[in-house]
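Here are the chains, one letter per residue:
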Amino acid sequence: MHVVVQAPEFVRKHILNKHGEKVSAVRQEVEFFNNFLLDAKRPALPENKPLPPPAQGDTHKQTSKFSLKVS
């Protein structure tokens with residue numbers, strides 16, 4: 001019977017020794033995106049604020065500014 005399971009230390013060492021360039025590239029990308037997400041001045045979509053509820057005496061339905069005509 002052949003056992004393929006290796007200790008985590010062996011796997012980590014193997015990955016760093018044989019694939020160090022790829023690991024380094026991924027670490028740089030992770031650092032870049034983490035810095036982007038933590039940047040308070042990064043470009044972002046405007047926040048959507050919920051619409052206020054309709055007035056109490058308002059009995060008509062709200063209509064959209066846009067209409068779709070089907071012919």
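This is a predicted model, so every value here is computed, not measured. (Residues numbered from 1 in each chain as written. Predicted model: local features only at pLDDT ≥ 70, side-chain atom pairs only at ≥ 80, totals over all residues. Heavy atoms only, no water.)

Colleague: Give a description of the overall build of the chain that names residues and reports values.
Modeller: Check the secondary structure of the chain and you find two helices and zero strands. In the chain, which comprises 71 residues, the proportion classed as buried is 1%. (Helix = DSSP H or I, 4+ residues; strand = E, 2+ residues; numbered from the N terminus. Buried < 20%, exposed > 50% of the residue type's maximum accessible area, 1.4 Å probe, protein only.)

Colleague: A description of the packing of aromatic side chains should follow, citing residues and the corresponding values.
Modeller: Using the criterion set out here, one finds one aromatic pair in the structure. Ring geometry for F32 versus F33: centroids 5.2 Å apart, planes at 80°, classification edge-to-face. The exposure class assigned to F33 is partly exposed, which follows from its relative accessible area of 47%. (Phe/Tyr/Trp six-rings, centres within 6.5 Å; stacked < 30°, edge-to-face > 60°.)

Colleague: Tell me about the packing of helix α1 (residues 8-18) against helix α2 (residues 20-38), residues and numbers included.
Modeller: Orientation of α1 relative to α2, taken along the N-to-C sense of each, is 90°, at an axis distance of 5 Å. When the interaxial angle is binned, α1 and α2 end up roughly perpendicular. In contact with I15, L16 and K18 of α1, α2 contributes G20, V23 and R27. Across the contact of α1 with α2, the residue classes tally to three nonpolar, one polar and two charged. (Axes fitted to C-alpha atoms, helices over the stretch in contact; angles between N-to-C directions. Parallel < 35°, antiparallel > 145°, perpendicular 65-115°, else oblique. Contact = heavy atoms within 4.5 Å. Nonpolar A, V, L, I, M, F, W, Y, C, P; charged D, E, K, R; others polar.)

Colleague: Hey, could you go over a nonpolar patch on the surface for me, with residue numbers and the actual values?
Modeller: There is a patch of nonpolar side chains on the surface, built from F10, V11 and I15 and spanning about 250 Å² of accessible area. By the element assignment, V11 lies in helix α1. Judged by relative accessible area, V11 falls into the partly exposed class, the value being 38%. (Patch = residues over 30% accessible without salt bridge, like charges linked within 9 Å, V, L, I, M, F, W, Y side chains within 5 Å. Areas by Shrake-Rupley, 256 points an atom, 1.4 Å probe, with all protein chains shown as cover. Salt bridge = Lys/Arg side-chain N within 4 Å of Asp/Glu carboxyl O.)

By themselves, these figures tell us nothing about what the structure is for.
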